[in-house]
Amino acid sequence: MRGWGGVAGMAAACALTAAVTLLPLSRGAGDGGAEADPDLTRASAARADTCEEPERSLRPSDEDGPAIGKIKERGRLIAGVDQNSFRWGYLNPATGDLEGFDIDLVRAIAEDILGDPDKVTYRAIPTNQRVLALQEDRVDVVVRTMTVNCARIEDVAFSTAYFQAGQQVLAPEKSAVEGYDESLAGKRVCTAEGSTAYDALAAKSFGARFEGFTVSSQLDCLVRLQLGEVDAVVTDNALAAGQAAQDPAVELKGEPFTREFYGVATKLGNDDLVRRINRVLDDYRKGGDSGPWMRAYGKWLKEDLPGIRKPPEPKYRDN
């Protein structure tokens, strides 16, 4: 799935949605936040003065509670996912199945709670609907390369980190854009609505033109880049690596300029579900190279993001 064929294949896959419930694309509450640092920017929001390590989560537990009881009574886990992020969550055009690193994690959660990894109802949601989908009880969890930051922990609850990423610039191989720096001046830059990339540019744009170039789904930025409607994309390097794998005419520029952690998001107050997911993640990280996390990394991400030797270590709150 490379170049235009890869994107065309992805578009065809998006039509195969019999097993995926699509949420409305209406605008919802914003859910992003990032703040620049002189060295390495930690993804955060304006409230960063009272929030130092948003990736700290509740300690793991296997005890049931109201949120888990609801899932068991229903007999299915409802998961908000992406369906067009290559390697992470995408519809395989050959089979019509959702696949990727995030999907494997959803299946592990379902297997732990319900005893069957297939007992999942997937709902494809755009970036700017992730928080609203949880707040309106349309999904139990969001597993969609969602960065944990200080703004978002005011709106949803997160598990411990299951992946570390960073914001980076994606541009055509022959572009004069060199990274997140002055080479962006005057360039049209695409980001997803409600993303940490948008807020990073809002904090420091280097003269880039990014207002009016936002999209609801991050993959749309790659399409706009290929059509020449924008000059560059700012997004998580983990997502951008997959997009570069689809189209060898584009590449990652410069170095990541943030450090961010992906977490599984749930509705605020669903502490029993957060604790259970954290226990699942504790088991998921174990086993070294032969463990579930490293096997999933090797299957989906290693080719485009080489050099990762282990999953991020979990951090827990004192209370």
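Look above for the structure.
Residues numbered from 1 in each chain as written. Predicted model: local features only at pLDDT ≥ 70, side-chain atom pairs only at ≥ 80, totals over all residues. Heavy atoms only, no water.

**Notes on the overall build of the chain**
Inclusion rule: Numbering of helices and strands starts at the N terminus; helices are DSSP runs of H or I of at least 4 residues and strands are runs of E of at least 2. Any residue under 20% of the maximum accessible area for its type is buried, any over 50% is exposed, and the rest in between are partly exposed; the area is computed with a 1.4 Å probe on protein chains only. Only heavy atoms matter for contacts: two residues are in contact if any of them lie within 4.5 Å across the pair. A 1.4 Å probe and the Shrake-Rupley method give the accessible areas. Residues count as covered only by the protein chains that appear here.
The secondary structure content of the chain amounts to nine helices and 15 strands. Scored against the burial criterion, the 319 residues of the chain give a buried share of 57%. A fraction of 74% describes how many contacts in the chain between residues 6 or more apart in sequence connect residues 24 or more apart. About 13200 Å² of surface is accessible on the chain, with carbon and sulfur atoms providing 47% of the total.

**Observations concerning the nonpolar core**
Counted only if it meets this: Buried residues of nine kinds, namely Ala, Val, Leu, Ile, Met, Phe, Trp, Tyr and Cys, make up a nonpolar core once their side-chain atoms join them within 4.5 Å.
Counting 45 residues, the largest nonpolar core has Trp88, Phe101, Tyr162 and Phe163 as the members making the most contacts within it. For Trp88, the contacting residues outside a window of four places in its chain are Glu99, Gly100, Phe101, Asp102, Ile103, Thr145, Tyr162, Phe163, Ala238, Leu239, Tyr262 and Leu301.

**A closer look at the state of the cysteines**
The cut-off we apply is this: In plain terms, two cysteine sulfur atoms within 2.5 Å form what is called a disulfide here.
According to the stated counting rule, one finds two disulfides in the structure shown. Paired through a disulfide, Cys51 and Cys150 show a sulfur-sulfur distance of 2.2 Å. Taking the sign of the torsion about the S-S bond as the criterion, the disulfide between Cys51 and Cys150, at about -85 degrees, is left-handed. In this pair, Cys51 is assigned in the loop between strand 2 (41-42) and helix 2 (66-74) and Cys150 in the loop between strand 8 (141-142) and strand 9 (156-165), connecting sequence segments 99 residues apart. Comparing Cys51 with Cys150, the two get one shared label, buried. Disulfide pairing is shown between Cys190 and Cys221; the S-S distance is 2.1 Å. Residues Cys190 and Cys221 share a disulfide whose torsion about the S-S bond is about -80 degrees; that sign makes it left-handed.

**Overview of the sheet that holds strand 4 (residues 84-85)**
We apply this condition: In this analysis, strands are considered paired if DSSP registers two or more bridges between them.
Judged by pairing direction, the sheet is antiparallel, and its three strands sit side by side in the order 4-5-6 without closing on themselves. The outermost strands of the open sheet, each flanked by one partner alone, are strand 4 and strand 6 (98-99). By the bridge criterion, two bridges tie strand 4 to strand 5 (residues 89-91) in an arrangement that is antiparallel. Its bridge partner being in strand 5, Ser85 is matched across the sheet by Gly89.

**Some points on the packing of aromatic side chains**
Spelled out, the test is: Between 30 and 60 degrees the pair is tilted, below 30 it is stacked and above 60 it is edge-to-face, where a pair is any two Phe, Tyr or Trp rings, Trp via its six-membered ring, whose centres lie within 6.5 Å.
The full count for this structure, using the stated rule, is 15 aromatic pairs. When the ring of Trp88 is compared with that of Tyr262, the centres are 5.5 Å apart and the planes differ by 80 degrees; the resulting orientation is edge-to-face. Here Trp88 is found in the loop between strand 4 and strand 5, whereas its partner Tyr262 is found in strand 15 (residues 258-267), with 174 residues between them in sequence. According to the relative accessible area criterion, Tyr262 is buried, its value standing at 0%.

**Notes on helix 6 (residues 219-226)**
Of all eight residues that make up helix 6, six are buried, and the element is covered over most of its length. Here helix 6 has its buried residues at Leu219, Cys221, Leu222, Arg224, Leu225 and Gln226. Of the residues flanking the end of helix 6, it is Gly228, one or two places downstream, whose phi is positive at about 80 degrees.

**Digging into the sheet that holds strand 13 (residues 232-236)**
Keep this limit in mind: Axis lines are fitted through C-alpha atoms, for helices just across the contact stretch, and the angle between N-to-C directions can take any value from 0 to 180 degrees.
Taken together, five strands build an open sheet; the order of strands is 12-11-13-10-14 and the sheet is mixed. The sheet is open, and its two edges are formed by strand 12 (214-215) and strand 14 (250-253), each paired on a single side. Direction of pairing for strand 11 (residues 189-192) relative to strand 12: parallel, over a ladder of two bridges. In the sheet register, Thr191 faces strand 12, and the bridge partner there is Thr214. Along the sheet, helix 7 (residues 237-246) contacts strand 10 (167-172), strand 13 and strand 14; its crossing angle with strand 13, the most-contacted strand, is approximately 125 degrees.

**A short note on helix 9 (residues 292-300)**
Applicable threshold: Taking the helix axis as origin, the arc is that swept by the directions to the C-beta atoms.
Buried within helix 9 are the following residues: Trp293, Met294, Ala296, Tyr297 and Trp300. For helix 9, the angular spread of the buried residues around the axis is 160 degrees, confining them to a single face. Those residues of helix 9 that are buried lie in contact with strand 5, strand 6, helix 3 (101-114), strand 9 and helix 8 (271-285).

**Quick look at the side chain of Asp102**
Our working definition: His is not counted, nor are the chain ends, whereas Lys and Arg count as positive and Asp and Glu as negative. Salt bridges, as used here, are contacts in which a Lys or Arg side-chain nitrogen is within 4 Å of a carboxyl oxygen on Asp or Glu.
Along the chain, Asp102 falls in helix 3. Arg144 is the oppositely charged side chain nearest to the buried, salt-bridge-free Asp102, at an N-O distance of 7.6 Å. Among residues more than four places away in sequence, those in contact with Asp102 are Trp88, Val143, Arg144, Thr145 and Tyr162.

**Focus: the pattern of salt bridges**
Enumeration according to the criterion identifies 21 salt bridges in this entry. Residue Arg138 pairs with Glu136 through a salt bridge whose shortest N-O separation is 3.2 Å. Taking relative accessible area as the criterion, Arg138 reaches 16% and is therefore assigned buried. Here Glu136 falls in the partly exposed class, since its relative accessible area comes to 45%. One salt bridge in this structure joins Lys286 and Asp283, with 3.6 Å as the shortest N-O distance. The exposed category is assigned to Lys286, whose relative accessible area is 52%. Beyond isolated ion pairs, a larger network of salt bridges with shared partners links Asp64, Lys72, Asp112, Arg276, Arg279, Asp283 and Lys286.

**Side note on the environment of Asp318**
Inspection of the secondary structure assignment puts Asp318 in the segment after helix 9. Its relative accessible area of 81% is what places Asp318 among the exposed residues. Separated by 261 residues in sequence, Asp318 and Ser57 have C-alpha atoms that sit 9.2 Å apart.

Keep in mind these values describe shape, not function.
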